[in-house]
Amino acid sequence: MAPLASGARTAEALTERPTPLAALRQEIAGRRTKASDLASEYYARIERKNPQLNAFLSLTKERALAQAARIDALAARGDPLPVLAGIPIAVKDVLVMQGAPSTAGSKILQGYRPPYDATVVKRLEAAGAVLLGKTNCDEFAMGSSNENSAYGPVRNPADTERVPGGSSGGSAAAVAANLAVAALGTDTGGSIRQPASFCGVVGVLPTYGRVSRYGLIAFASSLDRIGPFAGNVRDAATVLGVIGGHDPCDATSVRAPVEDYAAASDKPAEGLRIGVPAEYFAEGLDPEVRAAVERGIGALKEAGCILKPVHLPHTKYAVPAYYLIATAEASANLARFDGVRYGYRSPRSETLAGMYSHSRDEGFGAEVKRRILLGTYALSAGYYDAYYRKAQQVRRILAEEFLRAFAEVDALVTPTSPVPAFRLGEKTDDPVSMYLADIYTVTASLAGICGVSVPCGATPAGLPVGMQVLAMHLRESTAFRVARAVEAAGV
Ligand code: GLN
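All residue numbers here refer to positions counted from 1 along the written sequence of the relevant chain. Whole-chain, interface and lining totals are the exception, using all residues; otherwise, since this is a predicted model, local features are given only for residues with pLDDT of at least 70 and side-chain atom pairs are given and counted only at 80 or more. In computing side-chain values, all of the structure's heavy atoms are included and hydrogens and water are not.

Draft legend 1. Quick peek at empty space enclosed by the protein. A cavity, in this analysis, means grid points on a 1 Å lattice covering only the protein atoms where a 1.4 Å probe fits yet has no way out; a pocket is instead an open set bounded by protein on both sides within 12 Å along at least five of seven lines, and a residue lines either one if it has an atom within 4 Å of a point. Grid points are joined across faces, edges and corners, and a volume is the space filled by probe spheres set on the points. Enumeration according to the criterion identifies two cavities of 30 Å³ or more in this entry. The calculated volume of the largest cavity comes to roughly 90 Å³. Along the wall of the largest cavity there are 15 residues; nearest its centre are Gly143, Ser144, Gly189, Ser191 and Asp438. By residue class, the composition of the lining of the largest cavity is five nonpolar, eight polar and two charged. Empty space within the second largest cavity amounts to approximately 40 Å³. Here the residues of the lining of the second largest cavity are counted per class, giving four nonpolar, two polar and four charged. Gly falls in the polar group here, along with every residue not listed as nonpolar (Ala, Val, Leu, Ile, Met, Phe, Trp, Tyr, Cys, Pro) or charged (Asp, Glu, Lys, Arg).

As structure tokens, then:
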């Protein structure tokens, strides 16, 4: 558990909405605010609040301040400023930054300092962003609560007895507490959308291939995506516009042009056809979450959207299919951590084989080991057809089901998670119940389509609720328009 600092007794609110980035940028361009002062203000707030939240694992101060100074010099000369000039942004610790610790929340990567920058890191900096540091997450992004981090859990700024969601819990909490204006996360089965909903911020799942994965420490390569968190839809759209686009270093990145997502998000949602899938409002949905999402749906109707009931009957097979495919890919991806090439090496090693097994035994946490075992089993001769191949067939059926739905509607709306943020420790002894709570997010992950989780009110106790807006491949603009309408209604 992260120690509760004396800051817990101060009057400063833990949750705090960041100023929209366009306003901050204008301040900097008009030389009313210096990027360096803004960065220092953010570092001061991190110092005050992070001991309670444990959202950041490490800070990249030197690099951030050098970048801020560059922006200030540009502004002083009156040069045109790039779109994210001076904007403080946090980066999930599964993304590499040259020379900076990149642990992926794992002990096995303790001490590892990568020799290069992820493409998204390069793109953010080229657009003027000031990268504050690396955020906490579940080990190798495996989890839904951030409790699988080797560096202690993150606490939810809305209620510190509760989880922030996961695996990108640090990024979501950082934005919710205004420790960053925006943050990058990764989403393999819900790890951006679900923590966004638990913390009351916006989170984006871009289409598979929209954003380069070069420099992402892989979990499940056919599912992994990088996307932004922000305090409002327009800011999230702006950041996606910066990080999106083809990259020769990632053969799965798509060549489709990057739209002006921020401008697209300004368009009214009037006339859009919105599907409401019955399977996402069935048994297991918390009634308070349902009520909030139904209010959000009401707001869309008010905004002139055309609502239609739709069916996605194979939804119930998504969790088992996801946990077979994701673990199978993880078991292969994690083979590279052997104590030789990266990070932690066990001192208890007399033979080479012993070094491998001790390093992996001591370096990986329980959930990661569980997944390596599950995935290796699913891929083993004799079981491959029964498990892995079957899961791939289910994946195809789910994708086709979405495509059929999108022939009739422009977007789908669902709850992001069946429950609001749960208590720390509530599900740690029951991995299956933790897995089952991913039911509404893993479907889009398997299908490769895009989505946004947008804040949609709260439970009577004040816990944030998120609405998930899903759209067809490369139709991020549509998802942003719908999310904007929900946001504007202030549900
Ligand atoms: N909760 C899911 C899992 O544990 C998703 C994680 C993710 O998207 N990285 O696999």
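Draft legend 2. Representation of the site of the ligand in the model. When at least one non-hydrogen atom of a residue lies within 4 Å of a molecule or strand, that residue is treated as near it. Lining the immediate surroundings of the ligand are 15 residues, of which Thr188, Gly189, Ser191, Tyr322 and Arg371 lie closest. Here a polar contact is recorded for every N or O atom pair within 3.5 Å, except that within protein the pair must consist of a potential hydrogen donor and a potential acceptor, and residues adjacent in sequence are included only if both atoms are side-chain atoms. Thr188 places a polar main-chain atom, nitrogen or oxygen, 2.7 Å from an oxygen atom of the ligand. Taking Arg371, its side chain carries an N or O atom lying 2.7 Å from an oxygen atom of the ligand. With residues, only the protein chains shown are counted as cover, and all accessible areas are computed by Shrake-Rupley using a 1.4 Å probe. Alone, the ligand offers 290 Å² of accessible surface; in the complex the protein occludes 99% of this. Put plainly, a molecule is in a cavity or pocket when over half of its atoms are within 2 Å of the grid points there. A molecule is said to occupy a pocket when more than half its atoms come within 2 Å of that pocket's grid points, and by this definition the ligand occupies the largest cavity.

Draft legend 3. Region of the structure containing unusual backbone geometry. Omega for the peptide link from Gly166 to Ser167 comes to 10 degrees, which places this bond in the cis form. A run of H or I in DSSP counts as a helix once it spans at least four residues, and a run of E counts as a strand once it spans at least two, with each numbered from the N terminus. With respect to the secondary-structure elements, Ser167 resides in the loop between β3 (130-135) and α5 (169-176). Phi at Ala104 takes a positive value of approximately 55 degrees, unusual for a residue other than glycine. When its relative accessible area of 0% is taken as the criterion, Ala104 is described as buried. For the exposure calls, accessible area comes from a 1.4 Å probe over protein chains only, and a residue counts as buried if that area is under 20% of its type's maximum, exposed if over 50%, partly exposed in between.

Draft legend 4. Just the nonpolar core, in detail. Buried Ala, Val, Leu, Ile, Met, Phe, Trp, Tyr and Cys residues form a nonpolar core when they are joined through side-chain atoms within 4.5 Å. Of all hydrophobic cores here, the largest spans 150 residues; its most connected members are Leu84, Leu124, Phe140 and Met467. Among the elements that make up this core, the one with the highest residue count is helix α10 (residues 318-333) (10 residues). Residue contacts follow a heavy-atom distance rule, with two residues in contact if any of their heavy atoms lie within 4.5 Å. Excluding residues that lie within four positions of it along the chain, Met467 makes contacts with Val293, Gly296, Ile297, Leu300, Val413, Thr414, Thr416, Val452, Ser453, Val454, Cys456 and Val486. With six residues, the next largest nonpolar core counts Phe198, Ala421, Leu424 and Met434 among its residues.

Draft legend 5. Fine view of the packing of α10 against helix α12 (residues 366-379). Structural elements are reduced to axes, namely lines fitted to C-alpha atoms, with helices fitted over the stretch in contact, and the angle between N-to-C directions of any two is expressed from 0 to 180 degrees. For the pair α10 and α12, interaxial distance at closest approach is 7 Å and the crossing angle is 100 degrees. Classified by the angle their axes make, α10 and α12 are roughly perpendicular. Contacts between α10 and α12 pair Tyr323, Leu324, Thr327, Ala328 and Ser331 from the former with Arg371, Ile372, Leu374, Gly375, Thr376, Ala378 and Leu379 from the latter. Classifying every residue of the contact of α10 with α12 by side-chain character gives seven nonpolar, four polar and one charged. For classification purposes, an angle smaller than 35 degrees is called roughly parallel, one larger than 145 roughly antiparallel, one from 65 to 115 roughly perpendicular, and anything else oblique.

Draft legend 6. Layout of the sheet that holds strand β1 (residues 56-59). As summarised here, the arrangement of the 11 strands in space is β1-β3-β2-β4-β6-β5-β10-β11-β9-β7-β8, forming an open sheet in which the pairing is mixed. Pairing within the sheet leaves two strands with one partner each, and these edge strands are β1 and β8 (306-310). Mean inter-strand twist for the sheet, computed between neighbouring axes without regard to direction, equals 30 degrees. The sheet contact formed by β1 and β3 spans three bridges and is antiparallel. Of the residues in β3, the one forming a bridge with Leu59 is Gly133. Together, β1, β2 (88-92) and β3 form the strand contacts of helix α2 (residues 35-53), whose direction differs from that of β3 by roughly 20 degrees. With respect to the sheet, helix α16 (residues 476-489) is in contact with β5 (202-205), β7 (273-277), β9 (411-415), β10 (450-458) and β11 (464-471), its orientation differing from that of β10 by roughly 5 degrees. If DSSP finds at least two bridges between two strands, the strands pair.

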